[in-house]
Every structure is written in structure tokens, then in C-alpha cells.
Amino acid sequence: MHDKNCHVSGRQEPVKELFGELADGTKVHRWSLENGGTRLKVLSYGGIVQSLELPDRRGRYANVSLGFDDVETYETSSPYFGALIGRYGNRIAGGRFTLDGEEHRLPVNDGGHHLHGGPEGFDRRVWDVEEFATGSDVGLVLRRTSPDGEMGHPGTLTVKVTYTLTAQGDWRVDYEAATDRATVVNLTSHVYWNLAGEGAGSVHDHELMIAASRYTPVDAGLVPTGELAPVEGTPFDFRQPKPVGAELRRSDPQLLHAKGIDHNMVLDKGPTERPEHFATLREPVSGRTLRIATTEPGVQLYTGNFLDGTLVGPGGRAYRQGDAVCLETQHFPDSPNRAEFPSTVLRPGGTYRSTTVHSFTL
């Protein structure tokens, strides 16, 4: 694979190619990079992780991120596979919030709620991408300016997201944003993980640990009620490793609302200056293990409940319910309407910063 670029052992500097065109003729490019045994492919459309390949304990590579092999399907059918999410990850109730006495109305795209930045969120925008190779790291810097009023959000928001592959094979995501007017920001990444390989079937046997003693229960519209409830005795208790699917069939009202788990876990560590480990996901057969560290106070745990067999991945296999798990690091859903939740307000002169690190071991 492009040996001429392998100046450092196992490191491939980013290679750019045309991936396809959107319906309006906009070109979409793909960057391929490799470091420390991790292979990453990223699209300019939506900052999408189109593929993330890891070896198993016998050295065999598989793509562990659900996605598609053509841009048309991403544009027409993607449930946020691998995408950068903004301006606001997760739900804002009723598509409205009040900030400094002014109400802002947002388009609704999830029942009556605003989800993941709306129908034309960051996941559906083409980003400016610049590649880099610095020291032992390789990566991409993604930038875009979200104009004042985009999807109803106030303020011109200047966004920079850096994807770094380290010599250890870690995938690090650093988010930064600045605004010229008070606004709310909650950026995340929406990779659908299956450590056995995309299209390999259910992730219910993956072992998951999340250091979260509380979670935010939701109403029938999957919006938090405002309560921070203990996980003790509920299907949301992952403080000790257990299979993802261990309790998904329990007759719990919260599971029935979401057809599984689609809930924000309140991380015990809280918001932190530096990324701290909070979750480990392990696939027992391949041995592939994902450890995640973040600066964020929450993570949306989603068990692929709305995959219904109508989408087909690059491997030619249909994606069905439970074929992936998402761990979206974030501030809590509906925080703009919940003064008791950690604030997502960004003001002029301030800088939004968030970092999440994905480490892969066997």
C-alpha cells in the first residue's frame, strides 16, 4: 500500500482520491491513511469514517465500522454512519430552545424533535480537508464555517476537527469551535462499531464496560425527562463488563421506548480537561478491543435498534437490528432546555474544545 509513503514503520501518509459526486455534482474525496496497524478511510462529505480496519489476533484485517461503498447511498440513506455530527449531537426537544431570553426554532427531523443538527446537519456538508504528517502522527484537519442561522442555530460557527492516527494506532478526534454570537454546540462522531467486522452480524456478544453509575431516562420521544437515574438494577448497568445484548430483551419501559438502548450514560468522571478512559468494548472471537477516553461528561449508547435490513454494507451483507453499537461522546441531550445539565452554551471569545481517543488492542 503506497510503500513510497511509508517513511515511518507502518505509517502511510494520507492518500487522496475521488470517491464520487453528490446529486448536485459536488465532488467528494476520500483520504486513506495508516499508522500503528490501524487503517482509516475518511470522506470529505460529512467527515465520514468510511472504513476503519483493524487486525485480529491472527493478523487478519477487517473493517469494523458500518458504512457504504458509494457516495449516493450516503447521501440518500445513511443513518449517520461514521459521520461528524453538529451543530448539536442528539436531540433538542420540540426543535426549540431559549438563550439569553431569545427563543430559537430549529427544524425537526425526529418526530417533533431536532436530531443531530437537523435534516441538513454537519453530516451532510462537504468539509475542507487538509492532510498532515507530523512526527510519528498522520491525520486530517477538517474545517467548515456554519453560517448564522444554519438549521436555525444562532451565530456564525467556525469549526475545526482533527483526526489523528498515532504511532500506537490510536484514532484521536479533537474538536474546536468559535462563534460570533451566543449559541449552543455539542459535536460528536457517529461510528457504528462491529469489532467482528461490518456485516458480521449481531454485536450482542461483544463485551462492554462503561464507567457510568447513572443515565438519563427518556420519554416516548427519546428525550430526557431531566432525571439522572441510577443504573443499579437496570439494563443500563455496564459498570462491570457484560455482553451488549445481555438484557436487551428485558421488559423495561426504557428499552421499549427505544427498541433497545438509545440512552445517554452519565460518566462518573464528569467533564475533564484531558481525555479519561470510560469504556471498553471487546469482541471475544477476534480479540479486537476498543478503549475510549474522552473529555465529555456523557456518551450516547445506541445498540443499532433502527437498522432494519434495508441497508447493505461494502461486504454485500444487509445490516439488521443489533448489528452495531455506537458510543457517541457528548454533552447530554436537550441540555439547552435543561439548566440542571452541564451547559452547552458557547459565547464569543470562548472556544469549544472536546477530545475523544479510540485505542485498539488485542
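Keep in mind it's a predicted model, so treat the numbers as computed, not measured. (Residues numbered from 1 in each chain as written. Predicted model: local features only at pLDDT ≥ 70, side-chain atom pairs only at ≥ 80, totals over all residues. Heavy atoms only, no water.)

Caption draft 1: How the structure looks around the packing of aromatic side chains. Following the criterion strictly, the structure yields 11 aromatic pairs and no others. Between the aromatic rings of Tyr-163 and Trp-171, the centroid separation amounts to 5.5 Å while the plane-to-plane angle is 80°, which identifies the pairing as edge-to-face. Between Tyr-302 and Phe-306, the aromatic rings sit 6.2 Å apart at their centres with planes inclined by 20°, giving stacked as the arrangement. For Phe-306, a relative accessible area of 44% corresponds to the partly exposed category. Following the ring pairs from residue to residue traces out a cluster consisting of Phe-68, Tyr-74, Phe-81, Tyr-192, Tyr-302, Phe-306 and Tyr-319. When the ring centre of Tyr-61 is taken as reference, the NZ or CZ atom of Arg-39 above it lies at 3.5 Å. The lysine or arginine in question, Lys-242, covers the ring of Phe-238, its NZ or CZ lying 4.4 Å from the ring centre. (Phe/Tyr/Trp six-rings, centres within 6.5 Å; stacked < 30°, edge-to-face > 60°. Buried < 20%, exposed > 50% of the residue type's maximum accessible area, 1.4 Å probe, protein only. Lys NZ or Arg CZ within 6 Å of the ring centre and 35° of its normal.)

Caption draft 2: Spotlight on unusual backbone geometry. That bond from Gly-86 to Arg-87 is cis: its omega, 0°, falls within 30 degrees of zero. With respect to the helices and strands, the residue Arg-87 is situated in the loop between strand 6 (83-85) and strand 7 (91-92). Of note in the backbone geometry, Tyr-80 takes a positive phi value of approximately 70° without being a glycine. Within the secondary structure, Tyr-80 is located in the loop between helix 1 (71-77) and strand 6. What makes Tyr-80 buried here is its relative accessible area of 16%. (Helix = DSSP H or I, 4+ residues; strand = E, 2+ residues; numbered from the N terminus.)

Caption draft 3: Representation of the side chain of Arg-30. In this structure, Arg-30 sits in strand 2 (residues 27-35). Look at Arg-30 and you get buried, because its relative accessible area is 14%.

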